[in-house]
Amino acid sequence: MNNINLLLDCQGVGRISNILLTKNGKKYFQFKNKSNFLNDVAIKNIIKFLNLVKTKKFKLPVFLDIGQVTVADKLSYIVLECLVYEMLSLGYSVTVKFNPKSKIDTRGISNSPLRFLNECFSSFSKDKTYRETEFRKEFNSITKGIKYRRMISPKSNSYLSKLTSDLILFLKNQFEFSDNYRRVEYDEITVTKLANTIGELVGNATEHGGGDCLLDIDITHNFKHSKKQGSKFGAVNIAVINFSETNFGEKVKNKILNTDLSKSNRYQNIKVAYDTHQSYFNNEYNEKHFWNLASVQDKISGRPDNFNNGGKGMTDLIKSIQKLTHEDYCYLMSGKEILKFKKELLKQDSDGFIGLNKTSFLQSTPETTTLGISKVFLPGVAYNLNFILEEVH
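Quick notes on the rules
- Residues numbered from 1 in each chain as written.
- Predicted model: local features only at pLDDT ≥ 70, side-chain atom pairs only at ≥ 80, totals over all residues.
- Heavy atoms only, no water.
- Disulfide = S-S within 2.5 Å.
- Buried < 20%, exposed > 50% of the residue type's maximum accessible area, 1.4 Å probe, protein only.
- 1 Å grid on protein atoms, 1.4 Å probe; cavity = no way out; pocket = protein on both sides within 12 Å on 5 of 7 lines; lining within 4 Å.
- Points joined across faces, edges and corners; volume = space filled by probe spheres on them.
- Nonpolar A, V, L, I, M, F, W, Y, C, P; charged D, E, K, R; others polar.
- pLDDT = per-residue confidence, 0-100.
- Helix = DSSP H or I, 4+ residues; strand = E, 2+ residues; numbered from the N terminus.
- Contact = heavy atoms within 4.5 Å.
- Salt bridge = Lys/Arg side-chain N within 4 Å of Asp/Glu carboxyl O.

What about the state of the cysteines?
All chains considered together, the criterion is met by 0 disulfides. For Cys10, which is in no disulfide, the shortest distance to another cysteine sulfur is to Cys82 and amounts to 14 Å. Exposure remark for Cys10: the relative accessible area of 38% places this residue in the partly exposed category. Of all cysteine sulfurs, the one in Cys82 lies closest to Cys213, which takes part in no disulfide; the gap is 10 Å.

Quick notes on empty space enclosed by the protein
Tallying each qualifying case throughout the model produces 1 cavity of 30 Å³ or more. The space that makes up the largest cavity amounts to roughly 30 Å³. As for the largest cavity, its lining consists of Arg266, Val296, Gln297, Asp298, Thr315, Asp316, Gln348, Gly352, Phe353 and Ile354. Broken down by class, the residue content of the lining of the largest cavity amounts to 3 nonpolar, 4 polar and 3 charged.

With respect to the confidence of the model for the protein chain
Averaged over every residue, the pLDDT of the protein chain is 89; residues scoring 70 or more account for 94%. By mean pLDDT, the top-scoring element of the protein chain is helix α3 (residues 74–89) (98), and the lowest-scoring one is helix α10 (residues 314–322) (77). When the criterion is pLDDT under 50, residues 176–185 qualifies, and its contacts beyond four places in sequence or with other chains add up to 18 contacts.

Focus: the pattern of salt bridges
As enumerated under the stated definition, the model contains 17 salt bridges in all. Note that Glu207 is salt-bridged to Arg303, the shortest N-O span being 3.1 Å. Pair noted here: Glu207 is in helix α6 (residues 188–209) and Arg303 is in the loop between α9 (287–295) and α10, with a separation of 96 residues, a long-range link. Judged by its relative accessible area of 29%, Glu207 falls in the partly exposed class. Here the residues in one salt-bridge network are Lys74, Glu81, Lys147, Arg149, Asp216 and Asp218, joined through shared partners.

This is the structure we're talking about:
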């Protein structure tokens, strides 16, 4: 995968003592997690540790002792996979040890390629070459049961249509259960909307950042809900990640601030909104949040000469699926900035924009519940989408 090195390069080097240990006469570098969570704090600490390892003269084996942790979200363990993949690519041998606690939106970690490197995995192999080969293989591509994963490169203009067709087939198969499950009532419209939304997110990520894009989807079934006794729920959990030197909102920012906007009232309105929002920027809501929000608007594109044919806003597609879900948890992350797509705040205002508020994009800032700032700087863009749907048995 291109540019994973940027994830390491954009963070600092940790001041960690006693990382060099010896076991059975063999030296290795060890990371010891001090948290009960696999979240942005833990990922930041792991990155600092790996950067420190890279400064050492010898490429000794790396051991990540993560422990028993609650997994914050799907993107957290996908980023961990990327870090491990990069260290293997640099010539380090990597082993992990962790026992993750998961829920409906993070159960996919049980099928993560990390399991091959996990000493707690029931089928952990003593053959280093085998387990690292299997990790690399599944990191790049797998369609197996309830999991779909691809490394996607925009090699031709038709790559998105091919991806969407592939996703429709995968999702249809997921909703035709046998033995333990009767057919779940997700019709073809739902499947098509999911496939189109995922395809749009992949296209959006590659357009803004260039290079390849990692897509990971897992399906979970048969979960209970404390507030809805007798019902069963499943989830479609999606992560899309593209590492790039160009963060998500930068192309739209450069276009709005440095080109003649007289050809388009819509782009002029983005500039008006920017002039208004500037006076409200603070520690919770900053300029990067604004440009990320501007970039997800319908008919807004970062392409320099395109003022009339901006893509369909991804928020429209996400919203169309949210209408069918029992619950959802969806966000975009670029750099340290996070935008959370809450269904009740994805309505277009009278000007045709989404402000992540109940009033107006042009005049009002997003509600604080839709904003976040991560401890980790993610170069490029990533999406974490969890759609929870009721199953019919």
